[in-house]
Amino acid sequence: KAEDQPIQAFVIPHSHMDVGWVYTIQESMHAYAANVYSSVTEELSKVKERRFIAVEQEFFRLWWDTVASDSQKKQVRQLVKEGRLEFIIGGQVMHDEAVTDLDDQILQLTEGHGFLYETFGVRPRFSWHVDPFGASAATPVLFALAGFNAHLISRVDYDLKDGMQRDKKLQFVWRGSPSLKAQQEIFTHTMDQFSYCTPSQLPFSNSSGFYWNGVALFPNPPKDGVYPNMSLPVTKETIQPYAKTMVENIKRRAAWFRTNHVLWPWGCDKQFYNSSVQFGNMDPLMKYINQNSKEFGVTVRYATLGEYFQSVHQTNLTWDVRGSEDFLPYSTEPYQAWTGFYASRNVLKGAARRASSLLHAAETLFTRYRISFPDGPVAKDWALDKLRALRWAVSEVQHHDGITGTESPKVAEMYTQHLMEAMMGVEELLAALFLLPHNPAFSSVDEGLEQHVIIYNPLAWNITTLVNMTVAFPSAAVYDDGGQPVPAQIQRSARSNASYDLFVVVELGGLQNRKYAIRFSETACSEQPGCARMYAAKGVAFERRSVKNWGKKGRRLLPVLSECYKLMFDQDTNLLHSVTYLQEKRRVRVTQDFWEYNANGDVKAGPISDNYIFSTNGSAVRAYKAVQMEIIPGKIVTEVRQYFYRWDSDKDYAYSITTRVPKCFGAAPQCQRLEQTYSLGPLRLNTEVVLRTASSLKNNQTLYTDDNGYQMMRRTYRKFSNNTLARICVSIFIFRRFSSRCVQSSRRVMLHRRLWNNLAWNLGYNLTLNDSSVVRPTLWMVLGSVSETSKLHQRAAIELQHRPVVEPGLSSPVSPVVLPPNLHLLSLSVPGWNYSSAHDVHLSKNLRSEPDFDRVLLRIMHLFEEGEDPELSKPVTINLKEVLQGVGEVKVLEERSLTGTWDIARLQRWTWKTGRDHKDFTVTISPKEVRTFFVHFSSGSL
Ligand SMILES: [Zn+2]
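Residue positions are counted from 1 within each chain, in the order its sequence is given. In keeping with the predicted nature of the model, local features appear solely for residues at pLDDT of at least 70, side-chain atom pairs appear and are counted solely at 80 or more, and the whole-chain, interface and lining totals rest on all residues. Neither water nor hydrogens contribute to the side-chain values; these are computed over all heavy atoms in the structure.

1. Remarks on the confidence of the model for the protein
Alright, step 1. For every residue, the predictor reports its confidence as pLDDT, a number between 0 and 100. For the protein, the mean per-residue pLDDT works out to 90, and 93% of the residues sit at or above 70.
Alright, step 2. Note that residues 437-446 has pLDDT below 50 and, in this model, 11 contacts with residues that lie over four places away or in other chains.
Alright, step 3. Low pLDDT (under 50) marks residues 720-744, which in the prediction has 96 contacts with non-local residues, meaning those over four places away or in another chain. Contacts: residue pairs with any heavy atoms within 4.5 Å of one another.

So this is what it looks like as structure tokens:
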């Protein structure tokens, strides 16, 4: 750093606008969000030095589509063109980084980018992840793939941040993927301890910070325009202390960075709804500082984030490299960790996951339909509306106060309602698509005791799997589309005495649907030819076992066998005793049960647990006094139901585990997955419940969890000087996935929580988690050697997320679309954007008109890391014309950036990379690559 040069502060005006959290989107639009864009547009147009960064696209789009006048739109276009209004991130929301899935992160980014490119011809180049609770290593990789030049994060472990500030290491180049390495590295700026809000202390005044417009007021803006907590205006009397305060803060921060540039975020949550007051005070203050810059040693200017990064980039310094390590979990002080949110509002998390799967299935189905029947009876605009509504709802809930469960109850309801409505719309679309276009006369699907269903495989792999349907009859026979009987099993449902679980073995090609007929009967199946393949399973109940009589255990073991495993259950406890992996003849002692943390809800009695934070004073206690077991041996699947009772004599159980042990039925991977569904709740108040899996595996306190379903992260036990407990908590958060080989000797996965505390801040915002719902998460457990399970977990995770879709209806078979086993079809959709693929052409034409139905977005991901598996980790070469033959005749293939807005050959990030050519439709995909294409099929009208 040139010490003699003045410090240059980049004042970046911004408003952090949570898409949800305490207030609904409608409430936020009404109280402040619409005013942010109306008033910023006006104020920026007045003075050319002023700047603003727009971050969350959902609010901007709502303003643009429902509020903005034609003249405001014209002004915005001008401001964007001149670079004074800059779109940052460009996603619908600022997504959470800990509990979101890769495909949903990409979706919400793509949604926002498509809109921005269509509307303004701009492509965001920078991120501003100022509020997500911790930072994953997968997110910077996605941003690099989307063409970003720099990434910005803020919430990292406080202890770590202290050290980074001290050592001037807040900025580095992040190589988030160990396989993609430098190819997708990205410059990353970590915000200093002041984070994204302007410093809030003014030594000379009672009011806070540099917020002249005060604090947003709900539900209505004040009529007289006077908001609470407005800062003293900048006047002759106050300008000197204001300048002194600002300069001192800038200098303090400059000491933590290697260059003379200081990023000075000006704003906070819900700011700039009255920007004339904001800029009207800041303009003279900045002018004053610049007039006295010699004395102050500081110059100030308004800037966009891009302008700040540009200046840092131009210094040409050499930066430290960070590998694929992430910044999770996040802690703000000793003895707590922000891991509570991993299990907050699991009902919402489940709804978001289901909506995402449904969207994926519907996108692929509509794309196939659109190419096969361009003039089919399903109206394309209607279909696109339904898909867009679900894209929007799934994007919205990825917000860092959405899927995290850290929002108020009414906002959780809003997300749920948006998801449910959009899912219903897409169900209507599926129903329409499954009625044959060349057989429109067909109306009634069901006739009496015969039901026809379509089962669709949304993955581009051939699969043999179990489909589970809840039915009303005790007996049935199932036939495939060729009229042949299909192996199936029926049994009384665990959930209700009046219904039955029907398991059907289905064989489906990639992206293929098949029709099945089910013939029900009230009496035992005997007369139909299909009955020979139908197995009616009957349960065996075991006596309830009380914990207090556990004296002797392990004397009477009961085996449950499949082709892959031998599970032993202990009849003295009714708990799992051990699992033997038959292929390697390895037995592992495994016991599973439920334990509870009794959370502290009183701030006077120590650290509290809340929506965000998991904090504990004591250890977990056993959550039950007795266990009952029922085993339903079957030919397709054997089900083990364990019920955990809080007291010996309780009638209703508190928790349950349903373990499904599938038979192989010809497909080996199937039997390696032990499926477990848990039932938890309603919990008692201030309870956090964990599934405890104790095993005899030795792992040196190391476990592996994933980042966003993209990559496995190795987590070793680390002792930090100030923060021991937060590290221990690593083993207690809920993982979306974990590698089976890494089961700790006793691993606890938090599955549900119900909390209430008396912290004034939580009560004020109604952010306590008095969640009385019942949750039913499902996990797959795979056991085996490292080399064996390394082949399996990537695909298993995707198959668990994207299960076959069962819909009533009729359809004729379609040709399969099959990718090699190490490639996953992330997207196949008709985005509907109207723009030219060539940037120059796009900019010269009239933007945003009718949707384009002929541009198909295809995204493929390599599932393996370099060196993970001798075969599957190899780069794969495929001919996309051949692969997509089943969909239609590929005419044109263009490779694009992750969100589709860049021609990959022309994309030059600040770290250079070169493009590739696909004239022959042949593409080689390397480990962990995500490649995005626009495909034009000849059946569509080009
Ligand atoms: Zn936020």
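Resuming the write-up.
2. Topic: the sheet that holds strand E14 (residues 500-508)
Alright, step 1. DSSP-based pairing: two strands are paired if at least 2 bridges between them are found. Each helix corresponds to a stretch of at least 4 residues labelled H or I by DSSP, and each strand to a stretch of at least 2 residues labelled E; elements are numbered beginning at the N terminus. Spatially, the 4 strands line up as an open sheet ordered E11-E14-E13-E16, and their pairing is mixed. Edge strands, defined here as strands with exactly one partner in the open sheet, are strand E11 (463-471) and strand E16 (534-536). On average, each strand axis in the sheet is inclined to that of its neighbour by 20°, with strand direction left out of account.
Alright, step 2. Note: strand E13 (residues 488-492) against E14, 5 bridges, orientation antiparallel. Across the sheet, Ala-488 pairs through a bridge with Val-504, a residue of E14. Simply put, an axis is a line fit to the C-alpha atoms, just over the touching stretch for a helix, and the angle between two N-to-C directions goes from 0 to 180 degrees.

3. Observations regarding the side chain of Thr-901
Alright, step 1. Along the chain, the position of Thr-901 falls in the loop between strand E36 (890-896) and strand E37 (922-925).
Alright, step 2. The rule is simple: take the accessible area with a 1.4 Å probe, protein chains only, and divide by the maximum for that residue type; under 20% is buried, over 50% is exposed, in between is partly exposed. For Thr-901, a relative accessible area of 2% corresponds to the buried category.
Alright, step 3. Setting aside its immediate chain neighbours within four residues, Thr-901 contacts His-113, Tyr-117, Arg-123, Tyr-835 and Arg-896.

4. Re the state of the cysteines
Two cysteines joined by a covalent bond between their sulfur atoms form a disulfide.
Alright, step 1. Only a pair of cysteine sulfur atoms within 2.5 Å qualifies as a disulfide here. In the structure shown here, the tally under the stated rule is 2 disulfides.
Alright, step 2. Here Cys-197 is linked by a disulfide to Cys-268, with a sulfur-sulfur distance of 1.9 Å. Across the disulfide from Cys-197 to Cys-268, rotation about the S-S bond amounts to roughly 65°, and the bridge is consequently right-handed. Highlighted residues: Cys-197 in the loop between strand E6 (186-190) and helix H7 (239-254) and Cys-268 in strand E7 (residues 261-269), separated in sequence by 71 residues.
Alright, step 3. Residue Cys-268 is classed as buried on the basis of its relative accessible area of 15%.
Alright, step 4. Each disulfide pairs two cysteine sulfurs, and for Cys-564 the partner residue is Cys-671, the sulfurs being separated by 1.8 Å.

5. Points about the packing of helix H1 (residues 25-46) against helix H2 (residues 57-66)
Alright, step 1. Running from amino to carboxyl end, H1 crosses H2 at an angle of 75°, the nearest separation of the two axes being 9 Å. Classified by the interaxial angle, the pair formed by H1 and H2 is roughly perpendicular. Contacts between H1 and H2 involve Ile-25, Ser-28, Met-29, Tyr-32, Ala-33, Ala-34, Tyr-37, Ser-38 and Thr-41 from the first element and Glu-58, Phe-59, Phe-60, Leu-62 and Trp-63 from the second.
Alright, step 2. The classification used treats Ala, Val, Leu, Ile, Met, Phe, Trp, Tyr, Cys and Pro as nonpolar, Asp, Glu, Lys and Arg as charged, and all other residues, Gly among them, as polar. Per-class residue counts for the contact of H1 with H2 are 10 nonpolar, 3 polar and 1 charged. Roughly parallel means an angle under 35 degrees; roughly antiparallel means over 145; roughly perpendicular covers 65 to 115; every other angle is labelled oblique.

6. Some points on the pairing of strand E4 (residues 150-153)
Alright, step 1. Burial of the side chains of E4 extends over both faces: Ala-150 and Leu-152 are buried on one face and His-151 and Ile-153 on the other.
Alright, step 2. As paired elements, E4 and E6 share 4 bridges and run parallel to each other. Bridging across to E6, Leu-152 finds its partner in His-189.

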